[in-house]
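# Structural characterization, general
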Amino acid sequence: MLSTKFTPATKLSKAEIDRKWWEIGDFFRRNSLWLLMYCTGCCAIELPPAMTSAYDMERLGMGPMATPRQADILLVSGYLSLKTLRRLIYTYEQMSEPKYVVALGSCPINGGIYHDSHAVINQLDQYIPVDVYVAGCMPNTEAVMNGFVDLMDQIKHKTANGWKKYHAHFEWYKENQRNSLGEVDVHDEFHQ
Amino acid sequence: MILNVLTGIGIAFFAFVLQTSIAGINRKIVGRLQKRIGPRWYQEFIDIFKLLSKRSVSHGWIFDFGVIMALGGIIGTAMFMPITSSFVAFQDYDNFFIFVYLLAVGMLGMAMSASGSGNPWASIGVMRALTTMLAYEVPFLIVVLTIVNISGSSSMTGIQIYQQTVGNNWFIIALPLGGIVGFISLMGMLGKKPFETYIAPAEIASGPMVEYGGKQLGMLFILHEISVWIEVTLFVHLFLGGATNIVEFLIKYFAVYTLANLISNVNGRFKIDQVVTFFYKWPLLMAVTQAVIAIYFGWVI
């Protein structure tokens, strides 16, 4: 028979309490994903139907945002030349954590149709961590929306860890960036 | 005294919950307007809690302190606002000019914090916000002073009771030109679309908010919701006869905010010089005409 005496609740350790708070935060984070669109390539044309009445990404709580500080997702749509890659790295490092990267099209995966260009990088994953790839040249809007839903699933199952990977392997990423770009710092009137 | 302060904090909390829900419902309405499904009605709450759960950077102590000062100033302003003509936290301290002064604390805190970030877009946004404020305050204050002159009281409760007295109309009917000016000024205060110049996401990257992310942006969102509540409630009390009970207040509040939002979503954006010329042309002319008609000729419906 069960005791009727008052039994104190099992004391949770600090790690468990942190984990519970993180799960609550994950619910809010995956239901309110704000995009920063880094539209460098032709895949950007798939975004207007995704935002407007055809697919309506706002029903998932997503929407475009103006600056990297406010955004959660860095959306790289298309190829990246060496010049734009420097700005992309700047933008990525300015975003507030937790942050996720979604890459559209085949250009960030293997270079796409620019694979033999001297000015275009082939694999984005070598420079910043990518959470979701949407393959295709260019991907259908349904595939783009599916990519966002995949990212939500990843956040739910705690596998969208790109930003943690960037912290853990920071030296490796920096070395790759230096090898390709020579110098990551940008010298122009906006970045002094 | 402690009871009054607790009531005031309760009013501020009520303001936050009410305006955040209504903003969410309005996002849904705008979605339907654009033939979309629209987000869930509690999406705004999710957005705010997500922002509070994120990590954020600081740009120095002025940047952090300004946000807290602005939020405190706005909560302090909301505490003085009567909800109905008989429910107010601090009796006899609900004068119209208290709101004019206290709202400035919030705005100045935000201006200080935004300038503290050192981003040029933020400075441009703050400058534009102050210019817009300079533009809409002049016609708005002329109309409000006419109302104060007619009702013989500058207390928000007094103005409400004057309009609810048998024989007197709501001021939007009694002063039709003034009512129109009041609504246009309200659109300017809320930063709705023809006058959205100081946010302008595609033009100056959301203006004063450009460097905010994470917790500071979450606090700014809470600040924005409460200040929208104060401004719309001012309009309801000044022009729509206030409210005798909470249900009446909710209906009037929802109607005014939704109308402003609908007008906003079928309009483009003015340039900053167009905003100033617009406010100094027609609304100012209408406000002065209304004041002359109402005060010197005494023609009040």
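Everything numeric here is computed off the predicted structure, so don't read it as measured data. (Residues numbered from 1 in each chain as written. Chains lettered and ligands numbered in written order. Predicted model: local features only at pLDDT ≥ 70, side-chain atom pairs only at ≥ 80, totals over all residues.)

## Some points on the overall build of chain B
The helix and strand tally for chain B stands at 12 helices and zero strands. From first element to last, N terminus to C terminus, chain B shows the α and β order α-α-α-α-α-α-α-α-α-α-α-α. Here the C-alpha atoms of chain B give a radius of gyration of 19 Å, agreeing with the 19 Å that 2.2 N^0.38 yields for 301 residues. By principal-axis analysis of the C-alpha atoms, chain B measures approximately 60 × 45 × 40 Å. For chain B, with 301 residues in total, the buried portion stands at 49%. A fraction of 79% describes how many contacts in chain B between residues 6 or more apart in sequence connect residues 24 or more apart. (Helix = DSSP H or I, 4+ residues; strand = E, 2+ residues; numbered from the N terminus. Rg over C-alpha atoms; globule rule 2.2 N^0.38 Å. Buried ≥ 20, exposed ≤ 12 C-beta atoms within 10 Å, placed from the backbone. Contact = placed C-beta atoms within 7 Å.)

## What to know about the nonpolar core
If you look at soluble globular proteins, the nonpolar side chains tend to sit buried side by side. Within the largest apolar cluster, 126 residues are counted, with the highest numbers of intra-cluster contacts made by I73, L74, L75, V76 and V102 of chain A together with A78 and I226 of chain B. With sequence-adjacent residues up to four places away left out, L74 of chain A is seen in contact with L36, Y38, T91, Y92, M95, K99 and V101 of chain A. (Core = buried A, V, L, I, M, F, W, Y, C linked by C-beta atoms within 7 Å.)

## Quick word on the sheet that holds strand β1 (residues 34-39) of chain A
Residue and element names in this part refer to chain A. If you walk across this open sheet you meet the five strands as β2-β1-β3-β4-β5, and the pairing is parallel. A single partner strand is all that each edge strand has here, and the edge strands are β2 (63-64) and β5 (132-134). With five bridges connecting them, β1 and strand β3 (residues 73-77) associate as parallel partners. If you follow Y38 over to β3, its bridge partner there is V76. Strand contacts of helix α5 (residues 141-156): β4 (100-104) and β5, with the helix running at about 170° to β5, the strand carrying the most contacts. (Pairing = 2+ DSSP bridges. Axes fitted to C-alpha atoms, helices over the stretch in contact; angles between N-to-C directions.)

## Regarding the environment of I180 of chain B
Mapped onto the secondary structure, I180 of chain B falls in helix α8 (residues 176-190). Residues I180 of chain B and A287 of chain B lie 107 residues apart in sequence; the distance between their C-alpha atoms is 9.1 Å.

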